[in-house]
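For reference, the chains in residue letters:
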Amino acid sequence: MTVTRPRILVVGAGFAGVGCVRRLERKLSPDEAEITLVTPSSYQLYLPLLPQVASGVLTPQSIAVSLRRSRRYRTRIIPGGAIGVDLAAKVCVIRTITDVTVNEPYDYIVLAPGSITRTFDIPGLTDNAYGMKTLAEAAYIRDHVISQLDLADASQDPDERAARLQFVVVGGGYAGTETAACLQQLTHNAVKRYPRLDPKLIKWHLIDIAPRLMPELGEKLGSAAQEILRKRGVEISLGVSIAKAGPEEVTFTDGRVIPTRTLIWTAGVVASPLIGTLGAETVRGRLAVNAEMNLPGHDGVFALGDAAAVPDVAKGEEGAVCPPTAQHAMRQGKVVADNVIAALRNQPLRRYEHKDLGLVVDLGGTDAVSKPLGIELKGLPAMAVARGYHWSALRTNVAKTRVMTNWLLNAVAGDDFVRTGFQSRSPAKLKDFEFVHAYLTPEQLRARVAGKGGDEGIEGTAE
């Protein structure tokens, strides 16, 4: 009689998923369980530093932490994305990067598929806006922004030149504010190398439907960040959004029409569409789980990170859930790993409880605002706290060395304005990165799993 090891399947290689996998590897002996990770890319992306990749302060490789670098790790990686989960059959349907669809059975599943960019039914938005959620998008935006300076410099048409030097960022949260700040600094420094261009023509617009930038920072620090950007020449419009997005102009909801070739959309995130395939209760699109991050009524099903509405026990408020931040995701990953092991060993699960350590916002150069442990900082002290936090949160010493070296080199030598052109012929708009139509409907999922009933392990079929 062959005794098979319990199969633990982790979906997603973000902060939550990787934190969970690494802890499982450390705490479980090889004969206790088989661990599998589903991810399209064999690296963990340090998302909070994407704006610094877009501005060229950091190289893309420095924030992409390889999952295959160490020989100590034994987790099997399936390169692909989960497109459906049948909770009753305990099967996850995966579309691999070769476009083959496979069924992966599991005994325990950890759902950490993260989030996608939140979009609205705005004419032209997904066809003409750029996102800021992936490494490829950040690298592409850097090339695109520098190319606008080159094309403006080469143009003989004053209207075209002015349009190419206007940039619009939608979203006054951390991602949007940092993106606008870092890229504005890049163009401010770069234009000095273009003697034919009038620096006054470069205009950055940061807009948000909310009444304040980054309201979580509080009124004082939010206003400080706003003042820093305004002094740099960034035009901030609050209570405003996009009514229409075209290839050469953007219409604001207040009626203004801005001629531009650059619209960057960072107006929030929503849980991965994978959550919708489960047929379980959700809270604003995030899977409703208990404080142990277990899905009620389904033993062995755990969810965390951006895709799960994890109760914020530390707040002590009824209905409060943890915000979708890296800080929570990293810590939730460890607790979920412990709970999976506890379930495996028939031990009690523990609740996730973590008091928020604060917020950091790096605005480029020596400009920053931070609120560590409730202490409000701005300027150099805030920048030191922001970069210190990010540096310490990087998972490997190799990544820490690369990031620190990049920061030091940038501080000493300044920016460079090279565009690689590697991705110039690849589409890079919002519609090209989200793949929201790849997920199965509940009916397709049931048919798929029923048709594969009795499979042992993985069997693939080209779709």
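If you're wondering where the values come from, they're calculated on a predicted model, not measured in any experiment. (Residues numbered from 1 in each chain as written. Predicted model: local features only at pLDDT ≥ 70, side-chain atom pairs only at ≥ 80, totals over all residues. Heavy atoms only, no water.)

K.L.:
Which parts of the structure should I look at to understand the pairing of strand S12 (residues 234-238)?
P.N.:
Regular strands have side chains that alternate between both faces of the sheet. Two strands pair when backbone bridges link them, and strand S11 (residues 203-208) and S12 are joined in this way by five bridges, in the parallel orientation. Across the sheet, the residue bridging to Ile-207 is Ser-237, located in S12. As a crossover connection, the stretch from S11 through helix H7 (residues 219-231) into S12 is right-handed. (Pairing = 2+ DSSP bridges. Helix = DSSP H or I, 4+ residues; strand = E, 2+ residues; numbered from the N terminus. Right-handed = clockwise from strand over helix to strand, strands pointing away.)

K.L.:
Can you walk me through the sheet that holds strand S18 (residues 282-283) in this structure?
P.N.:
Sheet strands line up and pair through hydrogen bonds in the backbone, either parallel or antiparallel. Taken together, the three strands give an open sheet; going across it, the order is S18-S19-S21, and neighbouring strands pair in mixed fashion. Two strands bound the open sheet, and with one partner strand each, they are S18 and strand S21 (308-309). Bridge analysis of strand S19 (residues 286-288) against S21 gives two bridges, and the strand direction is parallel. Across the sheet, Ala-288 pairs through a bridge with Ala-309, a residue of S21.

K.L.:
Please clarify how the packing of aromatic side chains should be interpreted in this entry.
P.N.:
Aromatic ring pairs are described here by two measures, namely the spacing of the ring centres and the angle between the planes. With the rule as written, the count across this model stands at four aromatic pairs. When the centroid spacing of 4.5 Å and the interplanar angle of 15° are considered together, the rings of Phe-167 and Trp-204 count as stacked. Placement of the pair is Phe-167 in strand S10 (residues 166-170) and Trp-204 in strand S11, with a sequence separation of 37 residues. Across the pair, exposure class does not vary: Phe-167 and Trp-204 are buried alike. (Phe/Tyr/Trp six-rings, centres within 6.5 Å; stacked < 30°, edge-to-face > 60°. Buried < 20%, exposed > 50% of the residue type's maximum accessible area, 1.4 Å probe, protein only.)

K.L.:
Which parts of the structure should I look at to understand the confidence of the model for the protein chain?
P.N.:
The predicted structure's coordinates, where accompanied by low pLDDT, should not be read in detail. In the predicted model, the protein chain carries a mean pLDDT of 91, and 96% of its residues have values of at least 70. Considering only residues more than four positions removed or in separate chains, one finds that residues 453-463, a stretch of pLDDT under 50, has 25 contacts. (pLDDT = per-residue confidence, 0-100. Contact = heavy atoms within 4.5 Å.)

K.L.:
Mind showing me how you'd approach a nonpolar patch on the surface here?
P.N.:
On the surface, a cluster of nonpolar side chains totalling about 300 Å² of accessible area is made up of Leu-357, Leu-373 and Ile-375. When you line up the elements, Leu-357 lands in the loop between helix H8 (326-344) and strand S22 (358-362). On the basis of relative accessible area, Leu-357 is assigned to the partly exposed category, the value being 33%. (Patch = residues over 30% accessible without salt bridge, like charges linked within 9 Å, V, L, I, M, F, W, Y side chains within 5 Å. Areas by Shrake-Rupley, 256 points an atom, 1.4 Å probe, with all protein chains shown as cover. Salt bridge = Lys/Arg side-chain N within 4 Å of Asp/Glu carboxyl O.)

K.L.:
Any chance you could explain the pattern of salt bridges here in plain terms?
P.N.:
Where charged atoms from two side chains of opposite charge come close, those side chains can pair. Tallying each qualifying case throughout the model produces 20 salt bridges. Note that Arg-22 is salt-bridged to Glu-25, the shortest N-O span being 3.1 Å. Linking Arg-22 with Glu-25, this pair stays in helix H1 (residues 15-27), spanning three residues, or about one helical turn. The exposure classification of Arg-22 matches that of Glu-25, with both residues buried.

K.L.:
Is there a simple way to think about unusual backbone geometry in this case?
P.N.:
Both trends apply: most residues other than glycine have a negative phi, and most peptide bonds are in trans. The residue Lys-90 is not glycine, and still its phi comes out positive at about 55°. Topologically, Lys-90 is positioned in the loop between strand S5 (76-86) and strand S6 (91-96). By relative accessible area, Lys-90 is classed as partly exposed at 33%. With a phi angle near 55°, Asn-346 is a residue other than glycine that sits in the positive phi range. Tracing the backbone through its elements, the reader meets Asn-346 in the loop between H8 and S22.

K.L.:
So what exactly am I meant to see when it comes to the side chain of Glu-137 here?
P.N.:
The topology assignment puts Glu-137 in helix H4 (residues 135-154). Despite its burial, Glu-137 pairs with no opposite charge, the nearest such side chain being Lys-133 at 7.9 Å. Residue contacts for Glu-137: discarding those within four places in its chain leaves Gly-131, Met-132 and Phe-433. (Lys, Arg positive; Asp, Glu negative; His and termini not counted.)

K.L.:
What's the story with the environment of Ile-207 in this structure? I'm lost.
P.N.:
Structurally, Ile-207 can be placed in strand S11. Separated by 28 residues in the primary sequence, Ile-207 and Glu-235 have C-alpha atoms spaced 8.3 Å apart. In this structure Ile-207 touches Val-169, Val-170, Gly-171, Gly-172, Ser-237, Val-240, Ser-241, Ile-242 and Phe-252, once residues within four positions along its chain are discounted.

K.L.:
Quick question: what am I supposed to make of the packing of helix H9 (residues 380-393) against helix H10 (residues 397-413) here?
P.N.:
Each pair of packed helices can be described by the angle between their axes along with the distance between the axes. It is at 9 Å that the axes of H9 and H10 come closest, and there the two elements cross at 150°. When the axis of H9 is compared with that of H10, the two are roughly antiparallel. Every pair of crossing elements has a handedness; the one defined by H9 and H10 is right-handed. Counting all contacts with H9, which are made through Arg-387, Trp-391 and Ser-392, the residues of H10 involved are Lys-400, Met-404 and Trp-407. Here the residues of the contact of H9 with H10 sort into three nonpolar, one polar and two charged. (Axes fitted to C-alpha atoms, helices over the stretch in contact; angles between N-to-C directions. Parallel < 35°, antiparallel > 145°, perpendicular 65-115°, else oblique. Left-handed = near helix turned anticlockwise from the far one by under 90°. Nonpolar A, V, L, I, M, F, W, Y, C, P; charged D, E, K, R; others polar.)

K.L.:
How do you make sense of the sheet that holds strand S16 (residues 262-265) when you look at a structure like this?
P.N.:
Taken in spatial order, the four strands line up as S12-S11-S10-S16 in an open sheet, and their pairing is parallel. Looking at which strands have only one partner, the edges of the open sheet turn out to be S12 and S16. Averaged over all adjacent pairs, the angle separating strand axes in this sheet is 15°, with direction ignored. Note that S10 and S16 share four bridges and pair parallel. Looking across to S16, one finds that Val-168 is bridged to Leu-263.

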